[in-house]
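Okay, here's what each chain looks like letter by letter:
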Amino acid sequence: QVQLVESGGGLVQAGGSLRLSCTASGRTFSSLVMGWFRQAPGKEREFVSSISWSSSSTSYLDSVKGRFTISRDNAKNTVYLQMNSLKPEDTAVYYCAGDFGTVRLRRGVPAYWGQGTQVTVSS
């Protein structure tokens, strides 16, 4: 079993920054592909970013490229999402996710989900 716990959400003004953290339990974290998804009220959950176990490969939603950076520290069992130049349309609940492969993660059906953390960007 793996449990994922997010933190770092909050209210920020447009143009500001936040860093989300997701810490995993268990000893299998370093084997997991990790990622972030987000969901706004009334909208489908969408993929935001992912990172391979070795950090050698990252992927991003087109609308966040150049603004968001995903990283991980396997020694701390933690994945981060640094969000800069935030826009009101980034407002959503952000969810940490993990899986042993890339396919299920990218499809939005990973083995493990975090509880979500609210990010609100004001105009």
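Heads up: the structure comes first, above all this text.
Rules of the game
Residues numbered from 1 in each chain as written. Predicted model: local features only at pLDDT ≥ 70, side-chain atom pairs only at ≥ 80, totals over all residues. Heavy atoms only, no water. Disulfide = S-S within 2.5 Å. Helix = DSSP H or I, 4+ residues; strand = E, 2+ residues; numbered from the N terminus. Buried < 20%, exposed > 50% of the residue type's maximum accessible area, 1.4 Å probe, protein only. Pairing = 2+ DSSP bridges. Axes fitted to C-alpha atoms, helices over the stretch in contact; angles between N-to-C directions.

Caption draft 1: Representation of the state of the cysteines. Tallied over the entire structure, the rule returns one disulfide. Residue Cys 22 pairs covalently with Cys 96 via a disulfide, S to S 2.0 Å. Taking the torsion about the S-S bond as the criterion, the Cys 22 to Cys 96 disulfide, at about -80°, is left-handed. Taken as a pair, Cys 22 in strand E3 (residues 18-24) and Cys 96 in strand E9 (residues 92-99) lie far apart in primary sequence, 74 residues in all. Residue Cys 22 is classed as buried on the basis of its relative accessible area of 0%.

Caption draft 2: Representation of the sheet that holds strand E8 (residues 78-83) within the structure. As summarised here, the arrangement of the four strands in space is E1-E3-E8-E7, forming an open sheet in which the pairing is antiparallel. Looking along the sheet, the strands with just one partner apiece sit at the ends: strand E1 (4-7) and strand E7 (68-73). Ignoring which end each strand starts from, the neighbouring axes of this sheet average 15° apart. Where E7 and E8 come together, six bridges link them in antiparallel fashion. The residue of E8 that forms the bridge with Phe 68 is Met 83.

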